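What the coordinates show
The lines below spell out each chain.
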Amino acid sequence: MKFLPATRPGKLSAWLTVCALLAMLLLYLLAEVLRLLQSDWTVPVLTVAALAAFILAAVLGLIAVVRHRERSVLVYLSTLFGLFVLVFFLVSLYHDLTG
């Protein structure tokens, strides 16, 4: 098993996960620690964009594993991160809808 992906969807999945992790870290630092982002729309828009990148990375990771038979550690990790974010989002949505 390799560490780096070899297929195009695998590489894109890994890069999306890295970018989403960096975006979430940067968003946390700018909004919570340094208090530089205090706009009503900036933080939610950036958060939704990062969460969408995680979910897209999971979909691309699944495509790479199933269709292209990708077997790399980064693709597996990006798929797990994305699926975790998707499950967290669905549970949170269910909780909000049921009260």
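Just above, that's the structure.
Let me sum up the structure you'll find in this document. Residues take numbers from 1 onward in each chain, read along the sequence in its written order. Confidence filtering applies because this is a predicted model: local features only for residues at pLDDT of at least 70, side-chain atom pairs given and counted only at 80 or more, and all residues used for totals across whole chains, interfaces and linings. No hydrogens and no water enter the side-chain calculation; it runs on all heavy atoms of the structure.

Here we take up the overall build of the protein. Strands here are runs of E lasting at least two residues and helices are runs of H or I lasting at least four, both read from the DSSP assignment and numbered beginning at the N terminus. Scanning the protein for helices and strands turns up three helices and zero strands. Secondary structure elements of the protein, listed N to C terminal, follow the sequence α-α-α. With respect to the three principal axes, the spread of C-alpha positions in the protein is 45 × 35 × 15 Å. Categorising residues by exposure relies on relative accessible area from a 1.4 Å probe, with only protein chains included: less than 20% of the type maximum marks a residue as buried, more than 50% marks it as exposed, and the intermediate range marks it as partly exposed. Relative to its 99 residues, the protein shows a buried fraction of 28%. Within the protein, contacts between residues separated by at least 24 positions form 71% of all contacts whose residues are at least 6 apart in sequence. Throughout, a contact is declared for two residues whenever any of their heavy atoms are within 4.5 Å.

What follows covers the environment of V65. Position of V65 relative to the elements: it lies in helix α2 (residues 42-66). Spatially, the C-alpha atom of V65 lies 29 Å from that of Y94, the residues being 29 residues apart in sequence. Excluding residues that lie within four positions of it along the chain, V65 makes contacts with E70, R71, V75 and Y76.

Looking now at helix α1 (residues 8-33). Helix span, as expected, comes to 1.5 Å for every residue beyond the first. In this model α1 runs 36 Å from its N-terminal to its C-terminal C-alpha over 26 residues, within 8% of the 38 Å that 1.5 Å per residue would give. Against α2 and α3 (73-98) lie the buried residues of α1. Just downstream of α1 lies R35, where phi reads positive at about 55°.

Further remarks concern the nonpolar core. Counting residues in hydrophobic clusters, the biggest one holds seven residues: L16, A20, A53, F54, A57, L60 and V85. Going through the elements one at a time, α1 and α2 are the ones with two or more residues in this core. Here this core takes four residues from α2, the largest share from any one element. Residue contacts for A53: discarding those within four places in its chain leaves L16 and A20. The nonpolar core is taken to be a set of buried Ala, Val, Leu, Ile, Met, Phe, Trp, Tyr and Cys residues, with the residues joined through side-chain atoms within 4.5 Å.

The next subject is the packing of α1 against α2. Between two packed helices, what matters for the description is the angle formed by their axes and the separation of those axes. Across the interface, α1 lies against α2 with an axial gap of 8 Å and an inter-helix angle of 160°. It follows from the interaxial angle that α1 and α2 lie roughly antiparallel. α1 and α2 meet at a crossing whose hand is left-handed. When α1 is examined against α2, the residues P9, G10, L12, S13, L16, T17, A20, L21, A23, M24, L27 and A31 are found in contact with a partner set consisting of V43, L46, T47, A50, A53, F54, L56, A57, L60, G61 and A64. Note on geometry: axes are C-alpha line fits, over the in-contact stretch for helices, and angles between N-to-C directions span 0 to 180 degrees. Small angles under 35 degrees read as roughly parallel and large ones over 145 as roughly antiparallel, with 65 to 115 read as roughly perpendicular and the rest as oblique. What makes a crossing left-handed is the near helix being turned counterclockwise from the far one by less than a right angle; a clockwise turn instead makes it right-handed.

Looking at the secondary structure, you find T79 in helix α3. What T79 contacts, discounting residues up to four positions off in sequence, is A58, G61 and L62.

Interhelical geometry of α1 versus α3 gives an angle of 55° and a closest axis separation of 9 Å. Comparing the axis directions of α1 and α3 gives the class oblique. Relative to α3, the crossing made by α1 is left-handed. Residues G10, S13, A14, T17 and L21 of α1 form the contact with α3, whose own contacting residues are L74, V75, S78 and F81.

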